[in-house]
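Per-entry structural report
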Amino acid sequence: MIQRSLTLFGGLFVLILLMGWVMGAPFTSSRLVEAAAYALIALGLNIQWGYGGLFNFGIMGFLMVGGAAVTFISYPVNPVFWGSEGPAMLGRALLAFAGGALIVLAARKADRIGITGKWKAALTVLAWFVAYVLYRSQLDPAAAYIESAAGGGWVGGLGGHPILGWVFGGILAAGIAYVVGKICLGLRTDYLAIATIGISEIIRALIKNMDWLTRGTLTVSPIPWPTPLPQDFQAGGMNIATSLLAARAGYLLLALVVLGVVLWLISRAYAGPWGRMMRAIRDNHIAATSMGKNVTARQLEIFVFGSVLMGIGGAMLVSFVQIFDPSSYQPINHTFLIWVMVIVGGAGNNWGALFGAVLLWLIWVVSEPLSKAVFEFVSTWSTQFGWGAIPEIEARSAQMRVFVLGLVITIALRFAPKGLIPEVVKRES
Amino acid sequence: MTELIFFTNQVVISGLVLGCIYALGAIGITLVFGILRFAHFAHSELMTGGAFIAFLLASLFAAWGIVTPIPTGFVVLPIAMVLAAILALGIDKGFYAPLRKRGAKPVTLLIASIGVTLMIQGLIRLFFGAGSYSFFETEPKEVFRMDMTSIGSTRPLVITEPQVLMIVVTLVSVLALHFFLTRSRLGKAMRAMADNADLAQVSGINTALVVRVTWIIAGALGCMAGTMLALDVTLKPDLAFNIILPIFAAAIVGGLGQAYGAIAGGLLIGFAETLAVFNWTMLLRPLNAILPDWMQLPPTLALVPTEYKLTVAFVILVVTLLVRPTGIFKGASS
């Protein structure tokens with residue numbers, strides 16, 4: 001097993017070297033930083049799916065939450081907004097939200113004063129409606145005001161350190177995961193998958209359209225780095241190519257430190273009693289319940305932990321590319337890709353998830369230039385035969401990676417259903 | 001009366017059209033779930049693929065110079081449905097059957113269906129690019145404007161020819177499916193297998209045949225839904241990928257495994273989406289004359305802004321899962 005893992009990781013290392021040689025060091029260094037962030041996200045999914053058997057298909061939502069959080073914390077302050085009436089109006093909207101929440105809570109406790117059954121259900125629906133109208137009546141004018149020139153266009157950031165933003169991304173993702181988990185975790189696997197996809201789409205629609213908070217499709221940039229930027233190195237007299245490499249190496253180092261700490265923590269958790277309990281719940285939750293384990297609470301716990309890693313990973317990605325563009329988030333790129341990473345790598349094995357994340361990210365980024373090269377080769381060949389060239393090679397090769405991703409996952413499910421580095425099941429002999 | 005006609009145009013017709021498409025898609029999903037017990041995500045690609053097959057056939061017809069009285073998309077629909085059914089059978093044979101033989105869990109099949117989705121999606125984009133196509137490049141899209149001045153409306157009632165045909169075709173196919181499921185031997189076998197697969201097999205039902213028929217129906221109805229959606233709007237590679245979740249919502253709201261539930265759920269979701277974004281001021285404007293000044297209606301009075309239209313389905317889905325997970329028609333429980 002160890003030997004197999006070492007061979008696979010060695011192969012991956014050779015692949016990275018090869019890529020650096022063919023595609024150039026600046027390209028490869030960027031992809032490696034992204035691969036580190038994706039590895040963190042894949043570890044998050046590995047906790048949820050590999051340890052706990054939870055079917056989270058809403059990864060995209062958590063990545064967006066992390067990205068929005070780091071944008072909010074680390075982007076420079078927008079003085080126009082803070083000098084306008086915007087904060088006061090938002091405060092009123094928050095009060096309206098709290099008031100609405102109180103109304104809903106009160107309606108849910110209506111049985112205390114003797115309202116039960118159908119009347120209570122009707123009252124709850126009415127309370128939800130009133131709360132919604134109350135909130136919208138305060139939020140809509142506030143949003144319209146902030147989006148106007150007088151309100152500063154949008155809320156802006158807080159000007160904090162990006163690492164604080166990563167932490168906040170994790171916390172925000174945890175909060176949302178807690179609510180989502182409370183709602184959905186009682187559901188059976190495929191229902192859970194559909195419900196989480198639905199919730200991630202709701203999150204996407206909100207972040208995309210709340211222009212006052214996230215600037216929506218107008219996108220926010222540049223978002224600061226936690227480590228020195230290439231421009232900082234250039235100011236010190238370094239040439240452009242070296243400064244790019246130096247800056248990315250700094251970022252990569254930070255990402256690897258985070259990744260290493262997380263990997264160490266969750267590997268210890270896996271080996272400890274907590275991990276054994278989680279695997280027991282995953283393999284047979286009825287038996288685990290009969291042993292006195294609170295299955296729902298433990299599953300909620302693991303759902304929140306995994307989502308924290310996804311939030312941090314999403315924040316790291318946004319910090320690195322320096323632009324937060326809500327319309328660039330797609331279920332294929334940000335949910336299904338992560339799933340393929342974990343399944344191909346080996347669900348339940350952290351090294352497997354790590355390996356799968358780096359390998360799949362490299363395949364994902366390489367498949368476009370590679371298919372372009374293949375198409376160009378075929379095109380010249382077919383032109384020589386007089387069949388004409390392939391039209392629109394650029395656009396077509398960009399779509400090839402979706403096909404390659406589908407191909408990889410179907411092959412993996414067919415021939416290596418447990419992944420390349422499968423989970424090691426320890427048995428007392 | 002103008003307001004009422006406007007309401008009909010904006011809500012009744014478009015809600016019905018959307019509901020028909022959701023219902024046809026949801027029937028396929030619900031049947032596959034009932035027989036094979038897994039959520040088949042690649043249904044969206046059966047829809048998009050079917051629509052592209054129909055589009056290719058329609059282009060062929062146009063190239064041969066065949067002119068039809070109704071839109072060519074509807075004429076080629078039966079052929080496209082047969083081809084889509086073969087495609088669905090092929091996908092099952094190539095990707096799901098080996099996994100089933102190995103005794104894989106439904107979850108694995110779900111992930112495999114996502115892989116299939118990605119592959120077909122990639123292939124369609126590879127051959128057709130990312131642009132959008134229209135069935136009505138060579139022929140006009142007929143629009144019926146019914147004059148309603150006789151009942152005091154200044155607006156006409158607007159409905160397009162594809163929309164009328166779509167509603168008729170959906171009605172016919174739903175009735176056909178109903179008679180198939182209740183009257184024919186095979187349909188009864190399908191319902192028996194959906195209820196209890198083991199019991200059905202022991203009582204001598206040919207389960208392999210039932211599985212094949214399920215894929216044929218799912219592929220054909222998916223192709224029909226996709227083509228009709230493409231006829232109503234435009235044909236693009238992510239045509240059905242974007243609406244697969246509302247379709248799942250329709251299937252779950254109706255009760256997974258229940259064909260009639262899928263129809264009810266589809267119509268429910270379709271109408272809920274159009275009603276939620278409808279601007280009620282347009283309908284209630286006459287009230288402004290009676291209401292005092294301080295209670296005048298605002299210019300827009302919609303439940304949710306238009307950009308959140310798709311989230312309506314998800315909210316209904318989540319609420320259904322919480323309140324009544326079995327759906328309206330008591331499908332498979334969660």
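Residues numbered from 1 in each chain as written. Chains lettered and ligands numbered in written order. Predicted model: local features only at pLDDT ≥ 70, side-chain atom pairs only at ≥ 80, totals over all residues.

Considerations on the overall build of chain B
Defined as follows: Under the scheme used here, helices are H or I runs from DSSP no shorter than 4 residues and strands are E runs no shorter than 2 residues, and both carry numbers assigned from the N terminus. Radius of gyration means the value over C-alpha atoms here, while the globule rule gives 2.2 Å times the residue count to the 0.38 power. Think of it as a crowd count around each C-beta: if 20 or more other C-beta atoms lie within 10 Å the residue is buried, if 12 or fewer it is exposed, and in between it is partly exposed, with C-beta placed from the backbone throughout. What counts as a contact is two residues whose backbone-derived C-beta atoms lie within 7 Å of each other.
Per the secondary structure count, chain B includes 13 helices and two strands. Over its C-alpha trace chain B gives a radius of gyration of 21 Å, about what one expects of a compact globule, namely 20 Å for 334 residues. Every one of the 334 residues in chain B was classed for burial, and the buried ones make up 46%. Restricting the contact set of chain B to residue pairs at least 6 apart, pairs at least 24 apart contribute 75%.

Examining the interface of chain B and chain A
Formally: Under the grouping applied here, Gly and all other residues not named as nonpolar or charged are polar, the nonpolar ones being Ala, Val, Leu, Ile, Met, Phe, Trp, Tyr, Cys and Pro and the charged ones Asp, Glu, Lys and Arg.
The interface is formed by 37 residues belonging to chain B together with 36 residues belonging to chain A. Those elements that place two or more of their residues in the side of chain B that touches chain A are α4 (77-101), α5 (106-128), α10 (244-254) and α13 (309-323) of chain B. Sort the elements by how many residues they give to the side of chain B that touches chain A and α5(B) lands first, with 16 residues. Its residues assigned to classes, the side of chain B that touches chain A comprises 28 nonpolar, seven polar and two charged.

Looking at the packing of helix α2 (residues 43-64) of chain B against α4(B)
Residues and elements named next belong to chain B. Just so we agree on the cut-off: Only the contacting stretch of a helix is used when fitting its axis, a line to C-alpha atoms as for every element, and angles between N-to-C directions run 0 to 180 degrees. To sort the angles, those under 35 degrees are grouped as roughly parallel, those over 145 as roughly antiparallel, those from 65 to 115 as roughly perpendicular, and the leftovers as oblique. Here a crossing is taken to be left-handed if its near helix is turned anticlockwise relative to the far helix by less than a right angle, and right-handed if that turn runs clockwise.
Close contact between α2 and α4 brings their axes to 9 Å; oriented N to C, the two are set at 135 degrees. Taken together, the axes of α2 and α4 lie oblique to each other. Here the hand of the crossing between α2 and α4 comes out right-handed. Side by side, α2 and α4 meet where Leu46, Gly49, Gly50, Ile53, Ala54 and Leu57 of the first sit next to Leu77, Ile79, Ala80, Leu83, Ala84, Leu87 and Ala88 of the second. Looking at the contact of α2 with α4, its residues break down into 11 nonpolar, two polar and no charged.

Side note on the domain arrangement of chain A
Where the parts come together, the accessible area they lose is often given as the size of the interface. Residues and elements named next belong to chain A. In plain terms, the rule: The domain boundaries here were taken from an automatic or database domain assignment.
With domains assigned, chain A is organised as domain 1 (29-78 + 154-329) and domain 2 (345-423). One C-alpha centre belongs to domain 1, the other to domain 2, and the line joining them spans 25 Å. Residue-level contacts link 15 residues of domain 1 with 12 residues of domain 2. Secondary-structure elements contributing two or more residues to the side of domain 1 that touches domain 2 are α2 (25-51) and α11 (240-271). Classifying every residue of the side of domain 1 that touches domain 2 gives 10 nonpolar, three polar and two charged.

A word on the packing of helix α3 (residues 59-74) of chain A against helix α15 (residues 331-345) of chain A
Residue and element names in this part refer to chain A. Across the interface, α3 lies against α15 with an axial gap of 8 Å and an inter-helix angle of 115 degrees. Here α3 and α15 pass one another in a crossing that is right-handed. Seen from α3, the contacting residues are Ile59, Met60 and Leu63; seen from α15, they are Pro331, His334, Thr335 and Ile338.

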